[in-house]
Amino acid sequence: MSDIMKKLHEAAEYVRQMIGEEPVSIGMILGSGLGDLANELEDSVAVPYAKIPHFPVSTVPGHAGRLVAGMLGGKRVLVMQGRFHFYEGYGMDTVVFPVQMMRVLGIRNLLVTNAAGCVNTSWQPGDLMLISDHIKLIPDNPLRGINISELGERFFDMSTAYSEKLRAMAREQASKLGVVVREGIYQLFTGPSFETPAEVRFARACGADAVGMSTVPEVIAARHAGMEVLGISCLTNMAAGILDQPLNHEEVLETGERVKSTFSALVKVITAAWPV
Ligand code: HPA
């Protein structure tokens, strides 16, 4: 077994001991300001990242840094409350360690959420966007290096990375709930600097509807390992240069705070309707 596989198994074994044997249906990664949902799980058990062997530790304010297992919408879920970002200095392989560990735990479904800047000028801060596809123009890739063949193939398809079926289900649930959801393309920038107005125009010309600093590495790793993925962005601010005002992290957190009850309600019904 490769060194990384040993580490993944050790981490997964520790988590399994802490949360119990009952299988988990959906893994969830909650982004900036959206992590409170983890507090709504029933029969929950929390495992601080710091205690899990080989797990990285989050450094961003607003990211609690723990795994929470419990019931949501009648399904057993495992929530990452806070994630790891490339801009924190981790290699992309480290950023995706938790997703790969989820797969080793037997989890086959992944919900990823993030805060993102809105590039599409027809939309508003506070809108929720189902991610239909992504753009990663930065040269790094979380799977660069020796292939972890226990998880997946060296070369694998990304043409349906964000499950069309799950998006249709999410649209239906949002509409039943009376929540408007957008659908669009997420472009990864490394951060931690926000984009420049020229970069945002470039992203728009590329076809992006949103820009952000996360999610793409995790989705690549999830697809490599054969997981079904649903991605939701909370568009917390208009991206740089669209409005005549500077961007700041407070605005990102404030919008997250404003939409969090809607977001939580949506995630709950999506979880309940998720076919597993
Ligand atoms: N750019 C990148 N990441 C973000 C933004 C943004 O404007 N807002 C929230 N996350």
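Residues numbered from 1 in each chain as written. Predicted model: local features only at pLDDT ≥ 70, side-chain atom pairs only at ≥ 80, totals over all residues. Heavy atoms only, no water.

Novice: Any chance you could explain the state of the cysteines here in plain terms?
Specialist: In the structure shown here, the tally under the stated rule is zero disulfides. Its sulfur unpaired, C118 is 10 Å from the next cysteine sulfur, which belongs to C234. The cysteine C206 is free of any disulfide, with C118 supplying the nearest cysteine sulfur at 16 Å. (Disulfide = S-S within 2.5 Å.)

Novice: Hey, could you run me through the pairing of strand β6 (residues 128-136) in this one?
Specialist: Look at any regular strand and the pattern is simple: side chains alternate between the two faces of the sheet. The pairing of β6 with strand β7 (residues 181-188) spans eight bridges and is classified as parallel. Residue I131 lies in a different strand from β7, and its bridge partner there is G184. Sheet topology places β6 next to strand β9 (residues 228-238); three bridges connect them, and they run antiparallel. The partner of L130 across the bridge, within β9, is I232. (Pairing = 2+ DSSP bridges. Helix = DSSP H or I, 4+ residues; strand = E, 2+ residues; numbered from the N terminus.)

Novice: So what exactly am I meant to see when it comes to the site of the ligand here?
Specialist: In the vicinity of the ligand, the contacting residues are A115, A116, G117, F194, E195, V211, G212, M213, T236, N237, L247 and V252. A distance of 3.3 Å separates a nitrogen atom of the ligand from a polar backbone atom of A115. G117 places a polar main-chain atom, nitrogen or oxygen, 3.4 Å from a nitrogen atom of the ligand. Elements with a contribution of two residues or more to the shell around the ligand: β5 (109-118), β8 (210-212) and β9. A per-element tally of the shell around the ligand places β5 first, with three residues. Grouping the constituent residues of the shell around the ligand by class yields seven nonpolar, four polar and one charged. (Near = heavy atom within 4 Å. Polar contact = N/O pair within 3.5 Å; in protein donor to acceptor, adjacent residues only side chain to side chain. Nonpolar A, V, L, I, M, F, W, Y, C, P; charged D, E, K, R; others polar.)

Novice: What's the story with the packing of aromatic side chains in this structure? I'm lost.
Specialist: Two aromatic rings are characterised by how far apart their centres lie and by the angle between their planes. Evaluation of the coordinates by the stated rule reveals five aromatic pairs. Between Y49 and F55 the ring centres are 5.0 Å apart and the planes differ by 45°, which places this aromatic pair in the tilted class. Look at Y49 and you get buried, because its relative accessible area is 1%. Ring geometry for Y49 against F84: centres 5.2 Å apart, planes inclined by 45°, an arrangement best described as tilted. Of this pair, Y49 sits in the loop between β2 (42-48) and β3 (66-72) while F84 is found in the loop between β4 (75-81) and α2 (92-95), placing the two residues 35 residues apart along the sequence. With respect to class, Y49 is no different from F84; both count as buried. (Phe/Tyr/Trp six-rings, centres within 6.5 Å; stacked < 30°, edge-to-face > 60°. Buried < 20%, exposed > 50% of the residue type's maximum accessible area, 1.4 Å probe, protein only.)

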